[in-house]
Amino acid sequence: MQVLRARLLVGAEPKLTKYSGRGPLGAFLRIAASNVLSNLRPVVANVTDDDDLAAVPDASDLESKLARRDQQQQFRQVFREAVQSLTARERSLLRMSLLDGLSIDELAPMYGAHRASVARWVSAAKERLSAITRSKLSVALQLPEDDVERLLTSVQNGFELSLSRALRESGNSAPKIG
């Protein structure tokens, strides 16, 4: 909590000044807290001489961790590419609905469309992002579809953070609404 408070309130440019007021403050704070948690590194405990042998990881465990880390890096790269392959409108809709927390009722007037149309657009953007990610990941990892599904299930916890980062990185060029 202290790190979050410091990042939000202290420094040359406090993060709270970036809150635009377009979405709920709670959503902004949740994203800020998630970013703080993802940036914190786990503390390595001091190992005594008696514990040196016990602290050596099992070779299969080490290989498993390295393989997971490699797959996570590939997933991040593939996911960024998938986000970039979306249209500007799709990225904008996902950014505003998922990151800014805007509802369909709030998005519809921005696009001058009926709320049902905007709901279909958001749903289609999510489905397209999912399909592109699965396809690119299957090729990148050279895995069959069911193995890709298992992998995606295992990384689903970090999905919102990945989406947040990917949409923020692609947000440099704001699309025209309408």
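Placed above this text is the structure.
None of the values given here were measured: they were computed from a predicted structure.

Trainee: Mind showing me how you'd approach the overall build of the chain here?
Mentor: Of the regular secondary structure elements, the chain holds 9 helices and 0 strands. Looking at the chain as a whole, 28% of its 178 residues qualify as buried. Restricting the contact set of the chain to residue pairs at least 6 apart, pairs at least 24 apart contribute 65%.

Trainee: Hey, could you run me through the pattern of salt bridges in this one?
Mentor: Any two side chains of opposite charge can pair, on the condition that their charged atoms come close. Throughout the structure, instances matching the rule amount to 2 salt bridges. Glu90 is paired through a salt bridge with Arg128; the nearest N and O atoms lie 2.5 Å apart. Remark: Arg128 occurs in helix 7 (residues 115-141) and Glu90 occurs in helix 5 (residues 88-99); sequence separation between them is 38 residues. Classification of Glu90 as buried rests on a relative accessible area of 12%. A relative accessible area of 33% means that Arg128 is categorised as partly exposed. Between Arg115 and Asp105 there is a salt bridge, with its nearest N and O atoms 2.4 Å apart. Of the two residues, Arg115 sits in helix 7 while Asp105 sits in helix 6 (residues 104-111), which places them 10 residues apart along the sequence. Take Arg115: its relative accessible area is 43%, and that puts it in the partly exposed class.

Trainee: I keep staring at the packing of aromatic side chains and nothing clicks. Help me out?
Mentor: The description of two aromatic rings rests on the distance between their centres and on the angle between their planes. A full pass over the atoms with the stated rule returns 1 aromatic pair. Sitting above the plane of the Trp121 ring, Arg89 keeps its charged end 3.9 Å from the centroid.

Trainee: Teacher, can you tell me more about the environment of Ser34 here?
Mentor: Note that Ser34 resides in helix 2 (residues 25-39). For Ser34 and Leu4, which are 30 residues apart along the polypeptide, the C-alpha to C-alpha distance reads 9.5 Å.

Trainee: Would you explain the packing of helix 6 against helix 7 in this entry?
Mentor: How two helices sit against one another is set out by the angle between their axes and by the gap between those axes. Relative orientation of the contacting elements helix 6 and helix 7 amounts to 100°, with a least axis distance of 8 Å. Considering their axes alone, helix 6 and helix 7 lie roughly perpendicular with respect to each other. Counting all contacts with helix 6, which are made through Ile104, Asp105, Leu107, Ala108 and Tyr111, the residues of helix 7 involved are Arg115, Val118, Ala119, Trp121 and Val122. Among the residues forming the contact of helix 6 with helix 7, the class breakdown is 8 nonpolar, no polar and 2 charged.

Trainee: Where do I start with the packing of helix 5 against helix 6 in this structure?
Mentor: In contact at an axis separation of 10 Å, helix 5 and helix 6 are set at 145° when each is read in the N-to-C sense. Between helix 5 and helix 6 lies a crossing of right-handed hand. Packed against helix 5, whose contacting residues are Arg89, Ser92, Leu93, Met96 and Ser97, the element helix 6 presents Leu107, Met110 and Tyr111 at the interface. Taken together, the residues that form the contact of helix 5 with helix 6 break down as 5 nonpolar, 2 polar and 1 charged.

Trainee: Please clarify how the environment of Glu90 should be interpreted in this entry.
Mentor: On a C-alpha basis, the gap between Glu90 and Val122 in space is 7.2 Å, while along the polypeptide they are 32 residues apart. A distance of 2.9 Å separates the side chain of Glu90 from the backbone nitrogen of Thr87, its partner in a polar contact. A polar atom in the side chain of Glu90 sits 2.5 Å from the side chain of Arg128.

Trainee: Please explain the nonpolar core as it appears in this structure.
Mentor: The nonpolar side chains of soluble globular proteins are, as a tendency, buried together. Ranked by internal contacts, the top residues of the largest apolar core, which has 13 residues, are Phe79, Leu86, Leu94, Leu129 and Leu137. Looking at this core, the elements that each hand over two or more residues are helix 4 (59-85) and helix 7. Sequence-distant contacts of Leu86, that is, excluding residues within four places in its chain, are made with Arg91, Leu94, Ala125, Arg128, Leu129 and Ile132. In this structure, Leu93, Met96, Leu107 and Tyr111 belong to the second largest nonpolar core, which totals 8 residues.

Rules behind the numbers
- Residues numbered from 1 in each chain as written.
- Predicted model: local features only at pLDDT ≥ 70, side-chain atom pairs only at ≥ 80, totals over all residues.
- Heavy atoms only, no water.
- Helix = DSSP H or I, 4+ residues; strand = E, 2+ residues; numbered from the N terminus.
- Buried < 20%, exposed > 50% of the residue type's maximum accessible area, 1.4 Å probe, protein only.
- Contact = heavy atoms within 4.5 Å.
- Salt bridge = Lys/Arg side-chain N within 4 Å of Asp/Glu carboxyl O.
- Phe/Tyr/Trp six-rings, centres within 6.5 Å; stacked < 30°, edge-to-face > 60°.
- Lys NZ or Arg CZ within 6 Å of the ring centre and 35° of its normal.
- Axes fitted to C-alpha atoms, helices over the stretch in contact; angles between N-to-C directions.
- Parallel < 35°, antiparallel > 145°, perpendicular 65-115°, else oblique.
- Nonpolar A, V, L, I, M, F, W, Y, C, P; charged D, E, K, R; others polar.
- Left-handed = near helix turned anticlockwise from the far one by under 90°.
- Polar contact = N/O pair within 3.5 Å; in protein donor to acceptor, adjacent residues only side chain to side chain.
- Core = buried A, V, L, I, M, F, W, Y, C linked by side-chain atoms within 4.5 Å.

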